[in-house]
Amino acid sequence: MHELAERAGISGRTLRHYHQIGLLEPDRVGSNGYRYYGPDAVSRLQRILLLRETGMPLAGIAGVLDAPTTPEVEVQALTGHLEHLARERDSLNRRINAVEHTLSMRRQGREPRMDVMLEGFNDRYEVEVVERWGRDAFDASNQWWHGKSVQQQKAWKVRADALLTRWRVIQQEGHELDSAIAQEHAAVHVEWFKEIPGTPTYAGETAKSVDMIRGLADQYETNPDFHVAFGTPEAASFAANALRLHVRGLKRLFADGGVVVG
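To keep things clear, this report deals only with the structure shown in the data block.

Definitions and limits used
- Numbering of residues starts from 1 in every chain and runs along the sequence as written.
- A pLDDT threshold of at least 70 governs which residues receive local features in this predicted model, and a stricter bar of 80 or more applies before side-chain atom pairs are shown or counted, although totals over entire chains, interfaces and linings include all residues.
- Note that water and hydrogens are dropped before the side-chain values are worked out from all heavy atoms of the structure.
- Secondary structure is summarised from DSSP: a helix means a run of H or I of at least four residues, a strand means a run of E of at least two, and numbering begins at the N terminus for each.
- Any pair of residues with heavy atoms lying within 4.5 Å of one another is described as a contacting pair.
- Think of a nonpolar core as a cluster: buried Ala, Val, Leu, Ile, Met, Phe, Trp, Tyr and Cys residues, connected wherever their side-chain atoms sit within 4.5 Å.
- Per-residue accessibility, obtained with a 1.4 Å probe over protein chains only, is compared with the maximum for each type, and a residue is labelled buried under 20%, exposed over 50%, and partly exposed between these values.
- Only the contacting stretch of a helix is used when fitting its axis, a line to C-alpha atoms as for every element, and angles between N-to-C directions run 0 to 180 degrees.
- Each angle gets one of four labels, with under 35 degrees taken as roughly parallel, over 145 as roughly antiparallel, 65 to 115 as roughly perpendicular, and the rest as oblique.
- Whether a crossing is left-handed or right-handed is set by the direction in which the near helix is turned from the far one by less than a right angle, anticlockwise for left-handed and clockwise for right-handed.
- How far a helix is expected to stretch is found by multiplying one less than its residue total by 1.5 Å.
- Working note: the arc is built from the helix axis to C-beta atom directions.
- The rule for a salt bridge is simple: a side-chain nitrogen of Lys or Arg has to be within 4 Å of a carboxyl oxygen of Asp or Glu.

Here we look at the overall build of the protein chain
And step 1. Looking only at helices and strands, one finds 14 helices and two strands in the protein chain.
And step 2. Put simply, 51% of the contacts in the protein chain that link residues at least 6 apart link residues at least 24 apart.

What to know about the nonpolar core
And step 1. Grouped together as the largest cluster of nonpolar side chains are 28 residues, with contacts concentrated most on Trp167, Trp192, Phe193, Ile213, Tyr220, Phe230 and Leu243.
And step 2. For this core, the secondary-structure elements that each account for two or more residues are helix 9 (150–172), helix 10 (180–194), helix 12 (206–222), helix 13 (224–230) and helix 14 (233–255).
And step 3. The element contributing the most residues to this core is helix 14, with eight residues.
And step 4. When neighbours within four sequence positions are excluded, phenylalanine 193 is seen to be in contact with Thr199, Thr201, Met212, Ile213, Leu216 and Tyr220.
And step 5. Grouped together as the second largest cluster of nonpolar side chains are 17 residues, Leu4, Leu23, Tyr37 and Ala41 included.

Here's the deal with the packing of helix 3 (residues 39–53) against helix 4 (residues 58–66)
And step 1. Close contact between helix 3 and helix 4 brings their axes to 10 Å; oriented N to C, the two are set at 135°. Between helix 3 and helix 4, the angle is such that the two are oblique. The hand of the helix 3/helix 4 crossing is right-handed. Residues Arg44, Arg47, Ile48, Leu51 and Arg52 of helix 3 touch helix 4, and the partners they reach there are Ile61, Val64, Leu65 and Asp66.

Structural notes on helix 3
And step 1. Here helix 3 contains 15 residues, and its C-alpha end-to-end distance of 21 Å stays within 8% of the 21 Å for a straight helix at 1.5 Å per residue.
And step 2. Among all positions in helix 3, only Ala41, Leu45, Ile48, Leu49 and Leu51 are buried. Looking straight down helix 3, one finds its buried side chains confined to an arc of 165°; they lie on one side. The exposed set on the far side of helix 3, more than 90 degrees from its buried face, consists of Pro39, Asp40, Gln46, Leu50 and Glu53.
And step 3. Trailing helix 3 by a residue or two, glycine 55 shows a phi angle of about 90°, which is positive.

Notes on the pattern of salt bridges
And step 1. For the structure on display, the rule yields four salt bridges.
And step 2. As a salt-bridge pair, arginine 159 and glutamate 195 come within 2.9 Å of each other at their nearest N and O atoms. Pair noted here: arginine 159 is in helix 9 and glutamate 195 is in the loop between helix 10 and helix 11 (200–203), with a separation of 36 residues, a long-range link.
And step 3. Using a relative accessible area of 40% as the deciding quantity, one classes arginine 159 as partly exposed.
And step 4. A relative accessible area of 33% places glutamate 195 in the partly exposed class.
And step 5. For arginine 244, the salt bridge is made with glutamate 221, and the minimal N-O distance between the two is 2.8 Å. Taken together, the residues arginine 244 in helix 14 and glutamate 221 in helix 12 connect sequence positions 23 residues apart.

Some words on the packing of helix 10 against helix 12
Angle between the axes and distance between the axes: these two values describe a pair of packed helices.
And step 1. Running from N to C, helix 10 and helix 12 point in directions that differ by 110°, and their axes come no closer than 12 Å. The angle between the axes of helix 10 and helix 12 places the two elements in the roughly perpendicular class. For the pair helix 10 and helix 12, the crossing hand works out as right-handed. Together, His189, Val190 and Phe193 of helix 10 and Met212, Ile213, Leu216 and Tyr220 of helix 12 make up the contact between the two elements.

These values are about where atoms sit, not about what they do.
As structure tokens, this is what we get:
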């Protein structure tokens with residue numbers, strides 16, 4: 001095992017890990033615990049290392065190597081991964097350009113353009129959105145956001161801040177989750193989601209909207225970034241639970257054949 005690891009430029013621990021997760025089985029394991037690898041295993045390791053260099057996760061590599069039609073599946077997997085890397089590259093390039101522009105303007109004693117500064121920095125949730133709702137959902141919301149003027153983006157952010165600040169006020173005033181004032185603001189919050197293209201709320205898909213809002217409620221409660229946005233962790237948690245209660249009612253109406261909301 002040590003010889004193979006040394007020749008392959010990896011550690012013995014990595015080889016043991018590959019064995020433990022079923023990615024690379026040795027031909028046999030000696031009574032002394034040593035693992036022995038034959039030509040087929042070495043060939044498989046070469047392919048593992050090649051695919052790993054692309055950044056493909058180990059689970060994806062296992063799926064490619066264990067598929068019955070390995071070459072076709074490998075091409076498909078690599079194509080998909082290449083597209084993912086290209087999107088990451090584009091997003092990174094936008095951010096680099098934004099920083100370069102800001103730096104250049106500052107060095108010249110000039111004010112940077114706000115639209116260029118913001119370009120790329122509103123895409124930090126891209127992976128999560130794509131995984132949960134699909135590429136079309138992200139593209140629609142991304143195009144909608146970047147299609148706004150700087151003034152429109154600022155106005156939107158002011159409204160968003162006000163929406164979250166209102167949750168903090170309601171929580172600090174001691175209102176219950178099921179109070180009229182809390183549930184009215186939950187309805188306002190849902191209506192706010194409806195304005196964003198690519199979301200289930202925008203499309204009027206009630207069941208998916210419920211899932212989306214529950215997922216966001218989980219983020220409000222657990223993500224420190226949202227704690228800052230809401231002002232306090234308590235306000236974020238209150239908003240999350242109020243929204244969960246609100247969409248529970250929406251789901252019940254939907255299931256009973258009542259009003260369908262987005």
